[in-house]
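Results of the structural survey
If you want the building blocks of each chain, they are given just below.
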Amino acid sequence: FKLINFLMEPEPRDSESGAGASSSDGLPRAAVAKLVKERLPPHLRTKPDVAALLSEMAGEFLQMLTSEANEAASAEKKKTLSEAHLLGALRKLGYPQLAAECEAVGEAEHGAQAAAKARKRKLKGAASTLSTEELLAEQQRLFAGARERLQAGGGEPPGAGAPETGG
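All values derive from a computational prediction rather than experimental measurement.

A few points about the packing of helix α3 (residues 48-75) against helix α4 (residues 83-92)
The N-to-C vectors of α3 and α4 enclose an angle of 115°; their axes lie 8 Å apart at closest approach. Taken as a pair, α3 and α4 cross one another with a handedness that is right-handed. In contact with Phe61, Leu65, Glu68, Ala69, Ala72 and Ala73 of α3, α4 contributes His85, Leu86, Ala89, Leu90 and Lys92. Here the residues of the contact of α3 with α4 sort into 8 nonpolar, 1 polar and 2 charged.

Details of unusual backbone geometry
Positive phi, close to 60°, is recorded for lysine 77, a residue that is not glycine. Positionally, lysine 77 belongs in the loop between α3 and α4. A relative accessible area of 77% means that lysine 77 is categorised as exposed.

Some remarks on the confidence of the model for the chain
Here the chain averages 78 in pLDDT, and 74% of its residues register 70 or above. Low pLDDT, under 50, characterises residues 11-23; the predicted model gives this stretch 18 contacts beyond four residues in sequence or across chains.

Structural notes on the nonpolar core
Core analysis: the largest hydrophobic core is formed by 12 residues, namely Leu27, Val32, Val36, Leu62, Leu65, Ala69, Leu86, Leu87, Ala89, Leu90, Ala99 and Cys102. Mapped onto this core, the elements with two or more residues apiece are α2 (29-39), α3, α4 and α5 (96-128). Counting residues per element, this core draws most heavily on α4, at 4 residues.

Overview of the packing of α2 against α3
A pair of packed helices is captured by two measures, namely the crossing angle of their axes and the spacing between those axes. Their axes nearest at 9 Å, the elements α2 and α3 cross at an angle of 110°. Classified by the interaxial angle, the pair formed by α2 and α3 is roughly perpendicular. Residue-level contacts link Arg29, Val32, Ala33 and Val36 of α2 to Ala51, Ala52, Leu54, Ser55 and Glu56 of α3. Residues of the contact of α2 with α3, tallied by class, amount to 6 nonpolar, 1 polar and 2 charged.

Here we look at a nonpolar patch on the surface
A contiguous nonpolar patch, built from Val50, Leu53, Leu54 and Met57 and spanning about 340 Å² of accessible area, is present on the exposed surface. Residue position: leucine 54 is located in helix α3. The exposure class assigned to leucine 54 is partly exposed, which follows from its relative accessible area of 32%.

Describing α4
Regarding α4, the residues found buried are His85, Leu86, Leu87, Ala89 and Leu90. With its phi angle positive at about 95°, glycine 94 sits one or two positions after the end of α4.

Here's the deal with the environment of glutamate 103
Along the chain, glutamate 103 falls in helix α5. Of the residues examined, glutamate 103 reaches a relative accessible area of 30% and is grouped as partly exposed. As for glutamate 103 and glutamate 83, which are separated by 20 residues in sequence, their C-alpha atoms are 8.4 Å apart. Filtering out sequence-adjacent residues up to four positions away, glutamate 103 remains in contact with Leu87 and Arg91.

Conventions and cut-offs
Residues numbered from 1 in each chain as written. Predicted model: local features only at pLDDT ≥ 70, side-chain atom pairs only at ≥ 80, totals over all residues. Heavy atoms only, no water. Axes fitted to C-alpha atoms, helices over the stretch in contact; angles between N-to-C directions. Helix = DSSP H or I, 4+ residues; strand = E, 2+ residues; numbered from the N terminus. Left-handed = near helix turned anticlockwise from the far one by under 90°. Contact = heavy atoms within 4.5 Å. Nonpolar A, V, L, I, M, F, W, Y, C, P; charged D, E, K, R; others polar. Buried < 20%, exposed > 50% of the residue type's maximum accessible area, 1.4 Å probe, protein only. pLDDT = per-residue confidence, 0-100. Core = buried A, V, L, I, M, F, W, Y, C linked by side-chain atoms within 4.5 Å. Parallel < 35°, antiparallel > 145°, perpendicular 65-115°, else oblique. Patch = residues over 30% accessible without salt bridge, like charges linked within 9 Å, V, L, I, M, F, W, Y side chains within 5 Å. Areas by Shrake-Rupley, 256 points an atom, 1.4 Å probe, with all protein chains shown as cover. Salt bridge = Lys/Arg side-chain N within 4 Å of Asp/Glu carboxyl O.

This is the structure in structure tokens:
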């Protein structure tokens, strides 16, 4: 799904040089050309028409995919397409292997997100194991330490000086 997001990002347009040009039905040609260049061995090149053709083909594929996914969502009376709708559309269109690969990527991303949430909960949980009295004592200790550092430095706390006069 990251590939689809990457391909669908809008490109800055340069009206004089034609850079960033894309067809109305296709994907941004520069993005497609970049992907093609990254995938080809260094000794191979492509003609400029290849990026345009691939751009239009990818755009057509995405239109078919979203159309199928939209039909599935509509059948379930849903207004939002989900990963399940897209994966089902891939399978229905005859791309079960691609659906399985996308599913694996999605599961890996969900796993990483779940791990991050678990770490966050663990950190929050560690702080919440202290009683109210312990938290208050910790706060008082921190205030006392800050007061000592301030007095040792000879400064005044912010806002403790003469009040400012507005002008």
